[in-house]
Amino acid sequence: MGTVYITQDDAFIGKIDERLNVRFDKKTILDIPLLKIDGVVVLGRATVSPAVISELLERHITLTFLTDTGRYLGQLQPEVTKNIFVRKAQWQAAGESPQAIHLVQSFVRGKLKNYRHLLLRRQRETTDLDLSKNITRIEQAIAPIDTTHNIDSLRGLEGAGSAAYFGCFNEIIRVMEFEFTHRNRRPPKDPVNSLLSFGYALLRHDVQGAVNIVGFDPYLGYLHCERYGRPSLALDLMEEFRPIVVDAVVLSALNKRLLTPTDFVTEPLSGAVSLIPEGRKTFLKLYQQKKLSEFKHPVLGRKCTYQEAFELQARLMSKYLMGETEKYPPLVLK
């Protein structure tokens, strides 16, 4: 099972028997059994038939709409699961409760440890690369996490660790044609930031879908503040996956020269940089391959895909909030 990405503008998304059928200019460009789909993402403009909408809702398949540059627009979601007890536990933990503090500690620790492992691995692979100062700064942000019991202070540690990580991100891009100076978005002003933002938008679709499946309210989080329309819990759970999924795909695409500067275009007025259609297809393929690749889950001790791990981590979080386990273990990979 996987996510279907529809990138053709003005495509018609219909249903023939038990198959999703996508047509453009009177020709079928995609035909796939609905049984094999666990998510549909539309990038740009497309017409979705009422029959498809009904079928996706009945099958509990999320339909997400992004702009052609990857900016999130919205989702059509099936009914939230009937497990009210998960949402009750989630709401009871809101604020500066011990459960909320523990989860924020876990989200921040998972993200920063994955940052550290990624930099250590890049340093081992490249003999002329010295990232020790940045790695030390990340370790210094990790060290006080367990003894920090204030969420704002934990956010500060996350910010310090992220600054150290992105402070050397340009050094682990081994292609001279691409340069990264700092993280920018809304809109991204260079190809590297464009890829990061696009990848994080795709990751949001996947993680928010997992959060919905487990029965959480995606808009009540702990690390991310409540904001109208912001799926804070999905963004919380995304943190540990950013380095090991999206950043890994971006670095692979650039360092293996699977994407080149010709795959990007700059909007004259806003300066926004985005992928051209062919470049977008390349990146979507790499992202899908990453999601479906297997690894050994360090807590469960068995192999799973990253796609499965999104839901597994959401379920581990629900078990913690329901009092079935003593702690929430973030996904940390070496």
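This write-up is about the structure you can find in this document. Source: prediction; values computed, not measured.

1. A few points about the overall build of the protein
Then, in step 1: What the protein contains, in helices and strands, is 10 helices and 12 strands.
Then, in step 2: Here the C-alpha radius of gyration of the protein, 20 Å, is about what a compact globule of 334 residues would show, namely 20 Å.
Then, in step 3: Its C-alpha atoms give the protein principal-axis dimensions of about 60 × 55 × 40 Å.
Then, in step 4: Evaluated residue by residue, the protein yields a buried proportion of 54% over its 334 residues.
Then, in step 5: Put simply, 62% of the contacts in the protein that link residues at least 6 apart link residues at least 24 apart.
Then, in step 6: For the protein, the accessible area works out to roughly 15,900 Å², and carbon and sulfur atoms hold 53% of it.

2. Comments concerning the pairing of strand β5 (residues 37-43)
When a strand is regular, its side chains alternate between the sheet's two faces.
Then, in step 1: Summarising burial for β5: 6 of the 7 residues are buried, a large majority.
Then, in step 2: Across 5 bridges, the pairing between strand β1 (residues 2-6) and β5 is parallel. Pairing of T3 across the sheet is with G39, part of β5.

3. Focus on the pattern of salt bridges
Then, in step 1: Within the structure shown, the criterion is met by 17 salt bridges.
Then, in step 2: The shortest N-O distance in the salt bridge between R155 and D152 comes to 2.6 Å. On the criterion of helical spacing, the pair formed by R155 and D152 is a turn pair, its members being 3 residues apart in helix α5 (residues 151-166).
Then, in step 3: Relative accessible area serves as the criterion here: at 24%, R155 is assigned to the partly exposed category.
Then, in step 4: Exposure remark for D152: the relative accessible area of 52% places this residue in the exposed category.
Then, in step 5: Salt-bridge contacts for R242 lead to E239; the nearest nitrogen and oxygen are separated by 3.3 Å. Exposure class is identical for R242 and E239. Each is buried.
Then, in step 6: The structure contains a network of salt bridges with shared partners spanning K111, E158, E239 and R242.

Reading the values: rules and limits
- Residues numbered from 1 in each chain as written.
- Predicted model: local features only at pLDDT ≥ 70, side-chain atom pairs only at ≥ 80, totals over all residues.
- Heavy atoms only, no water.
- Helix = DSSP H or I, 4+ residues; strand = E, 2+ residues; numbered from the N terminus.
- Rg over C-alpha atoms; globule rule 2.2 N^0.38 Å.
- Buried < 20%, exposed > 50% of the residue type's maximum accessible area, 1.4 Å probe, protein only.
- Contact = heavy atoms within 4.5 Å.
- Areas by Shrake-Rupley, 256 points an atom, 1.4 Å probe, with all protein chains shown as cover.
- Pairing = 2+ DSSP bridges.
- Salt bridge = Lys/Arg side-chain N within 4 Å of Asp/Glu carboxyl O.

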